[in-house]
Amino acid sequence: MKTHYYLGWFNNFFPEHLGRVLQEDITDRKSLAMISSNPSVYKEIGATERSWLDQAGIIFDDYHLINYHVQKEDAQKIIQNASVIFLLGGDTIKQNGFLMEYELSDSIKKSSAVVIGASAGAINMSAKWLCSQKFGYKVEENYVYDGIGLDDFSILSHFDLENNIALVQNELSILSEGINIYASNKDCAIRTKGDKIDIFGKVYLISHSKIQRMDETL
């Protein structure tokens with residue numbers, strides 16, 4: 001049964017309960033593969049995301065950071081051998097392009113590893129996502145990107161949702177007619193385990209232009 005975590009952002013560390021659930025799900029801790037969202041900026045090493053796992057007591061034997069320092073073939077081998085794959089936060093568009101260029105999406109989809117994404121990483125794990133100037137992207141026109149497609153929904157992660165409910169609902173209205181969209185801000189998580197979806201924190205579902213807050217289950 002495949003397990004995926006779509007995270008917002010955590011200013012401190014994982015809340016105790018979320019950390020405990022992650023501990024239970026991540027039983028194989030041989031290798032952590034982290035995928036950069038700024039692959040040409042080598043100082044971006046995922047220190048914050050790794051600190052969340054460290055604080056939760058989830059320590060791996062080997063750590064790998066996939067960026068342009070790593071050859072494409074080696075990156076795919078790292079993914080294939082990983083116990084956990086972590087798509088880091090940062091630049092959603094650059095990470096999306098890197099995933100396509102290095103042909104990592106199929107390897108990630110075939111993997112039995114637990115897959116985690118934070119902010120940009122969570123967005124790119126989803127099936128589709130809207131790139132909009134109103135969401136902070138420097139673009140002139142809206143564009144719908146294809147993500148990895150680990151689950152058949154869209155994600156808006158780590159956006160100031162509470163103060164922009166009407167804007168978000170309006171901007172995502174068209175996309176929500178064809179696919180469910182889960183929107184969250186900080187300190188949130190969505191876990192899929194097989195066909196089951198669990199919610200941690202304030203997460204909203206946008207479907208057919210209607211928005212509603214999800215009950216916490218995690």
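Just above, that's the structure.
Residues numbered from 1 in each chain as written. Predicted model: local features only at pLDDT ≥ 70, side-chain atom pairs only at ≥ 80, totals over all residues. Heavy atoms only, no water.

## Some thoughts on the pairing of strand E13 (residues 210-213)
Part 1 of the argument: Where strand E12 (residues 203-207) and E13 come together, four bridges link them in antiparallel fashion. Across the sheet, the residue bridging to Ile206 is Ile211, located in E13.
Part 2 of the argument: Counted along the chain from E12 to the antiparallel partner E13, the turn is two residues long, and its residue His208 has a positive phi close to 50°. (Pairing = 2+ DSSP bridges. Helix = DSSP H or I, 4+ residues; strand = E, 2+ residues; numbered from the N terminus.)

## Observations concerning the environment of Glu216
Part 1 of the argument: In this structure, Glu216 sits in the segment after E13.
Part 2 of the argument: A C-alpha to C-alpha distance of 7.8 Å links Glu216 and Lys202, two positions 14 residues apart in sequence.
Part 3 of the argument: Non-local contacts of Glu216, meaning those with residues more than four positions away in its chain, are made with Ile199, Phe200 and Gly201.
Part 4 of the argument: Of the polar contacts made by the side chain of Glu216, one reaches the backbone nitrogen of Gly201; its length is 2.9 Å. (Contact = heavy atoms within 4.5 Å. Polar contact = N/O pair within 3.5 Å; in protein donor to acceptor, adjacent residues only side chain to side chain.)

## So, the nonpolar core
Part 1 of the argument: In terms of nonpolar packing, the biggest core is built from 51 residues, with Ile35, Ile66, Ile85, Leu104, Ile108 and Leu172 touching the most fellow members.
Part 2 of the argument: Tyr5, Leu53, Ala56 and Leu218 belong to the second-largest nonpolar core, a separate cluster that totals 25 residues. (Core = buried A, V, L, I, M, F, W, Y, C linked by side-chain atoms within 4.5 Å. Buried < 20%, exposed > 50% of the residue type's maximum accessible area, 1.4 Å probe, protein only.)

## Here we look at the environment of Glu49
Part 1 of the argument: Locating Glu49 in the fold gives a position in helix H2 (residues 47-55).
Part 2 of the argument: You can call Glu49 buried: its relative accessible area is 4%.
Part 3 of the argument: In the structure, Glu49 is positioned 35 residues away from Val84 in sequence and 13 Å away in space, judged by C-alpha atoms.
Part 4 of the argument: Not counting the four nearest positions on each side in its chain, Glu49 is found in contact with Trp9, Phe86, Leu88, Gly89 and Ala118.
Part 5 of the argument: Separated by 2.9 Å, the side chain of Glu49 and the backbone nitrogen of Gly89 make a polar contact.

## Describing the sheet that holds strand E7 (residues 143-146)
Part 1 of the argument: With mixed pairing, six strands are arranged side by side in an open sheet as E7-E6-E8-E9-E12-E13. The two strands at the open ends of the sheet, each matched to only one other strand, are E7 and E13. With strand direction ignored, the average angle separating the axes of adjacent strands in the sheet is 30°.
Part 2 of the argument: Bridge analysis of strand E9 (residues 181-184) against E12 gives four bridges, and the strand direction is antiparallel. Bridge pairing in E12 places Ala183 opposite Tyr204. (Axes fitted to C-alpha atoms, helices over the stretch in contact; angles between N-to-C directions.)

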